[in-house]
Amino acid sequence: MSKALIVGGGIGGLATAVAFTRRGWEVEVLERAERITEVGAGLSLWSNALRALDALGLGEQVRARAIEDGSAGIRDSKGRWLSRTDIETVRARYGSPIVVHRADLLEILRDAVPESALRTGVSVGEVRADGTVVHSAGVSTGDVIVGADGIRSVVRRAVCGEVTPRYSGYTAWRVVVTPAEPMGDLGETWGSGERFGYAALADGRVYCFAAVTAPADRPSAGLAELRDRFGDWHEPIPRLLAAADESAVLHNDIYHLPPLPTYVAGRIALVGDAAHAMTPNLGQGACQALEDAVVLAEVATRDPDLTRYDAERRPRTQMIATRSERIGTVAQLSWAPAVALRNAVMRLLPPSIQIKALAPVLDWTA
Ligand SMILES: Cc1cc2nc3c(=O)[nH]c(=O)nc-3n(C[C@H](O)[C@H](O)[C@H](O)COP(=O)(O)OP(=O)(O)OC[C@H]3O[C@@H](n4cnc5c(N)ncnc54)[C@H](O)[C@@H]3O)c2cc1C
């Protein structure tokens, strides 16, 4: 039986473990954390990701724990519409996007991997060119070595040397809140160098996120800063922030990777953020990790030469990362005349253009 050795037990690593298991491979997952967990936040999964989950046999389970994304569009800080999403057309054309709690997705993926394959508390220090993986509990190897160890990947060094992640220019907060009353229209609100978004979760909670243009490593005052910045924006933003709990607020500077020259070296392959950590503006980072998992297991099962995986995945994921970065640049504009122009153009753009632009991202099949 062939063996896949997977470094990292996040969404990308576990999805890859499921994909190889379904194809009859033995898998071993090395995860440095003591427990397989995800942060307390929501995740939007577009129809391309749902097709990848269907290919893994998990689509229905994930849909059952999720809610269809009802985002209505983008507004300005006073609540006036800049663009409205024709969600019915999106559904009809591409299939429904969903929002799921990260912990629910991770639990479904973890439960689909044989318990004996998961080794937690094992930190990988080096991957040698011959595929030997040196870690805190000894040495492991496999017919395929998968780097699913995130943006600061150790495995990546064996594929394309040292690559330094780039700061996007903005910092982000995420928090899941339990609002006292149901929300109205959901979506995003764009200001000047500031953004706030909110999406419903299946259990009545609401996933909120915010991004602010700022230098890297700037300390944040947490919820107080969010209330200070967004407390006078349109409802329900002040209400959501009033319902938020300081201990649940996550804060991260947003980094992404420059385009890598390759995702494979011999029998070593990169998936997810280790290969293409992207800005979250399109909500596609995890979606692409799920696609990677399906394609890598399919390619590796047919042929020990993994170059087809690189040829299939690198152009697509790098195209999506570039688009996501561009959206971030527009969304985070802070110079008043540029913001006014952006808002005017957005009001004029017909929804049909927005829907057509999604095609290269969402039209993916396993
Ligand atoms: C604010 C924000 C919002 C986002 N929203 C969305 C969204 O709505 N939709 C979407 O699709 N994507 C979204 N993303 C992107 C998404 O979160 C990531 O693309 C995805 O989680 C990447 O998964 P991964 O498994 O590749 O990496 P990670 O989640 O980083 O997992 C890597 C794993 O490897 C382990 N590891 C690392 N180094 C080692 C080592 N040396 N040895 C052993 N184990 C190791 C880590 O502990 C970790 O468990 C968002 C990202 C951010 C920052």
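Remember, it's a predicted structure, so these values are computed and weren't measured experimentally.

How each quantity is defined
- Residues numbered from 1 in each chain as written.
- Predicted model: local features only at pLDDT ≥ 70, side-chain atom pairs only at ≥ 80, totals over all residues.
- Heavy atoms only, no water.
- Salt bridge = Lys/Arg side-chain N within 4 Å of Asp/Glu carboxyl O.
- Helix = DSSP H or I, 4+ residues; strand = E, 2+ residues; numbered from the N terminus.
- Phe/Tyr/Trp six-rings, centres within 6.5 Å; stacked < 30°, edge-to-face > 60°.
- Buried < 20%, exposed > 50% of the residue type's maximum accessible area, 1.4 Å probe, protein only.
- Lys NZ or Arg CZ within 6 Å of the ring centre and 35° of its normal.
- Polar contact = N/O pair within 3.5 Å; in protein donor to acceptor, adjacent residues only side chain to side chain.
- Contact = heavy atoms within 4.5 Å.
- Pairing = 2+ DSSP bridges.
- Core = buried A, V, L, I, M, F, W, Y, C linked by side-chain atoms within 4.5 Å.
- Near = heavy atom within 4 Å.
- Areas by Shrake-Rupley, 256 points an atom, 1.4 Å probe, with all protein chains shown as cover.
- Axes fitted to C-alpha atoms, helices over the stretch in contact; angles between N-to-C directions.
- Parallel < 35°, antiparallel > 145°, perpendicular 65-115°, else oblique.
- Left-handed = near helix turned anticlockwise from the far one by under 90°.
- Nonpolar A, V, L, I, M, F, W, Y, C, P; charged D, E, K, R; others polar.

Our focus in this paragraph is the pattern of salt bridges. Scanning the entire structure with this criterion turns up 28 salt bridges. With a shortest N-O distance of 3.5 Å, R65 and E107 are connected by a salt bridge. Within this pair, whereas R65 is found in the loop between α3 (59-64) and β4 (67-68), its partner E107 is found in helix α5 (residues 102-111), the two being separated by 42 residues in sequence. When salt bridges that share partners are traced, they join E194, R218, E225 and R229 into one network.

Evaluation of the coordinates by the stated rule reveals six aromatic pairs. On the basis of an interplanar angle of 90 degrees and a centroid distance of 4.8 Å, the ring pair of F230 and W233 is categorised as edge-to-face. Looking at W233, the relative accessible area reads 9%, which means it is buried. Taking the ring centre of Y255 as reference, the NZ or CZ of R152 above it sits at 5.1 Å.

Another point: the side chain of T279. Considering the arrangement of structural elements, one finds T279 in the loop between α9 (273-276) and α10 (285-302). In terms of polar contacts, T279 uses its side chain to reach the backbone amide nitrogen of E325, at 3.4 Å. Apart from residues lying up to four places away in sequence, T279 is in contact with S168, Y170, I254, H256, S324 and E325.

The next thing to look at is unusual backbone geometry. For the bond from E235 to P236, the omega torsion is 10 degrees, close enough to zero to count as cis. By the element assignment, P236 lies in the loop between α7 (223-230) and α8 (237-243). Although it is not a glycine, D217 adopts a positive phi angle of roughly 65 degrees. With respect to the helices and strands, D217 occurs in the loop between β16 (206-213) and α7.

Another point: the sheet that holds strand β1 (residues 3-7). One open sheet accounts for six strands, arranged β8-β2-β1-β12-β19-β18; its pairing is mixed. Edge positions in the sheet fall to β8 (118-120) and β18 (264-265), since each has one partner strand and no second. Bridge count for strand β2 (residues 26-31) against β8 is three bridges, and the pairing is parallel. In the sheet register, L30 faces β8, and the bridge partner there is R119.

Another aspect to go through is the nonpolar core. Counting 86 residues, the largest nonpolar core has F20, L45, L53, L105, L109 and Y309 as its most contacted members. If near-sequence neighbours (up to four positions away) are discounted, L105 is found in contact with I11, L43, L45, L53, V62 and V100. Core analysis: the next-biggest nonpolar cluster, separate from the first, contains 20 residues, W173, F196, C208 and V249 among them.

For β16, the tally of buried residues reaches six of eight residues, placing the bulk of the element in the interior. Pairing geometry for strand β13 (residues 166-177) and β16, over eight bridges, is antiparallel. Looking at the pairing, V175 lines up with C208 of β16. Linking two consecutive strands that pair antiparallel, namely strand β15 (residues 194-200) and β16, is a turn of five residues; a positive phi of about 95 degrees is found at G204 within it.

By nearness alone, 29 residues border the ligand, and G12, E31, S44, R102 and D273 come closest of all. Within the contact set of the ligand, a nitrogen atom lies 2.9 Å away from a backbone nitrogen or oxygen of V124. The backbone of A286 places a nitrogen or oxygen atom 2.9 Å from an oxygen atom of the ligand. When the free accessible area of the ligand is taken as 1000 Å², the share hidden by the protein chains comes to 85%.

Glancing now at the packing of helix α1 (residues 11-22) against α10. At their nearest, the axes of α1 and α10 sit 8 Å apart, and the two run at 30 degrees to each other. Taken together, the axes of α1 and α10 lie roughly parallel to each other. Our pair here, α1 against α10, has a crossing hand that is right-handed. Residues I11, G12, A15, T16, A19 and F20 of α1 pack against A286, A289, L290, A293, V294, L296, A297 and A300 of α10. Partitioned by chemical class, the residues of the contact of α1 with α10 number 12 nonpolar, two polar and no charged.

Each strand in a sheet pairs with its neighbour through backbone hydrogen bonds, running either in the same direction (parallel) or in the opposite one (antiparallel). Spatially, three strands are ordered β3-β7-β4 in an open sheet, and the strand pairing comes out antiparallel. Of all the strands in the sheet, the pair left with one neighbour each is β3 (42-45) and β4. Examined bridge by bridge, β4 and strand β7 (residues 98-101) share two bridges and lie antiparallel to one another. Bridged to I67 within β7 is V99.

Where α10 meets helix α11 (residues 307-331), the axes come as close as 9 Å, and the angle between the chain directions of the two elements is 165 degrees. For the element pair α10 / α11, the angle class is roughly antiparallel. When the axes of α10 and α11 are compared, the crossing they make is right-handed. Contacts between α10 and α11 involve Q288, E291, D292, V295, L296, E298, V299 and R302 on the former and, on the latter, R308, Y309, E312, R313, R316, T317 and I320. Its residues assigned to classes, the contact of α10 with α11 shows five nonpolar, two polar and eight charged.

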